[in-house]
Amino acid sequence: IQSMAGGTGSGLGTFISMMLNDMFPKTPRFAVCVMPHLSGEVILQSYNASLSIGTMYQNCDGIFIV
């Protein structure tokens, strides 16, 4: 489970998913992603979410968006 709004959740979470994809290519990976509100504290939340979900799409077999 990870936050997609920015900070440690989006950056570290996508990095860990890339590393797991490299280390265990045949093991199924599922991610639970918590998306940010339409307007939030940081203006870059939508950019972080867009870039993170693209990386998760490439490295995970299933994505559950909350």
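Residues numbered from 1 in each chain as written. Predicted model: local features only at pLDDT ≥ 70, side-chain atom pairs only at ≥ 80, totals over all residues. Heavy atoms only, no water.

Student: Would you explain the overall build of the protein chain in this entry?
Tutor: When its secondary structure is counted, the protein chain shows two helices and three strands. Mapped in sequence order, the helices and strands of the protein chain form the string β-α-β-α-β. Its C-alpha atoms give the protein chain a radius of gyration of 12 Å, within 12% of the compact-globule value 11 Å for 66 residues. Its C-alpha atoms give the protein chain principal-axis dimensions of roughly 40 × 20 × 15 Å. Here the protein chain, with 66 residues, has 27% of them falling under the buried criterion. Considering only contacts in the protein chain between residues 6 or more positions apart, those separated by 24 or more positions represent 76%. Looking at the protein chain as shown, the accessible area adds up to about 4,800 Å², and 66% of this sits on carbon and sulfur atoms. (Helix = DSSP H or I, 4+ residues; strand = E, 2+ residues; numbered from the N terminus. Rg over C-alpha atoms; globule rule 2.2 N^0.38 Å. Buried < 20%, exposed > 50% of the residue type's maximum accessible area, 1.4 Å probe, protein only. Contact = heavy atoms within 4.5 Å. Areas by Shrake-Rupley, 256 points an atom, 1.4 Å probe, with all protein chains shown as cover.)

Student: Just to check I follow, could you spell out the nonpolar core for this structure?
Tutor: Listed in full, the six residues of the largest apolar core are Met 4, Ala 31, Cys 33, Ala 49, Met 56 and Cys 60. Looking at this core, the elements with two or more residues in it are β2 (30-34) and α2 (45-59). Here Met 4 is in contact with Ser 10, Cys 33, Val 34, Met 35, Pro 36, Gln 45, Asn 48, Ala 49, Ser 52, Ile 53 and Met 56, once residues within four sequence places are set aside. (Core = buried A, V, L, I, M, F, W, Y, C linked by side-chain atoms within 4.5 Å.)

Student: Whenever I open this one, α2 confuses me. Can you help?
Tutor: For an α-helix the count is 3.6 residues per turn, leaving residues at separations of three or four pointing the same way. The end-to-end C-alpha distance of α2 is 21 Å, a good match for the 21 Å that 15 residues give at a rise of 1.5 Å each. For α2, every residue scored as buried is listed here: Gln 45, Ala 49, Ser 52, Met 56 and Asn 59. Seen along its axis, α2 keeps its buried residues to an arc of 105 degrees; they face one direction. Seen from the buried face of α2, the exposed residues on the opposite side, beyond 90 degrees, are Tyr 47, Leu 51, Tyr 57 and Gln 58. (Expected span 1.5 Å × (residues − 1). Arc of directions from axis to C-beta.)

Student: Would you mind showing me how to read the state of the cysteines here?
Tutor: Disulfide: a covalent bond connecting the sulfur atoms of a pair of cysteines. By the definition in use, this model includes zero disulfides. We note that Cys 33 lacks a disulfide partner, and the nearest cysteine sulfur, in Cys 60, lies 7.1 Å from it. Look at Cys 60 and you get buried, because its relative accessible area is 13%. (Disulfide = S-S within 2.5 Å.)

Student: So what exactly am I meant to see when it comes to helix α1 (residues 8-23) here?
Tutor: Taking 1.5 Å of rise per residue, 16 residues should cover 22 Å, and α1 covers 22 Å from first to last C-alpha, within 8% of that figure. Buried residues of α1: Ser 10, Gly 13, Thr 14 and Ser 17, and no others. Each buried residue of α1 sits inside an arc of 100 degrees when the element is viewed along its axis, so together they form one side. The exposed set on the far side of α1, more than 90 degrees from its buried face, consists of Thr 8, Asp 22 and Met 23.

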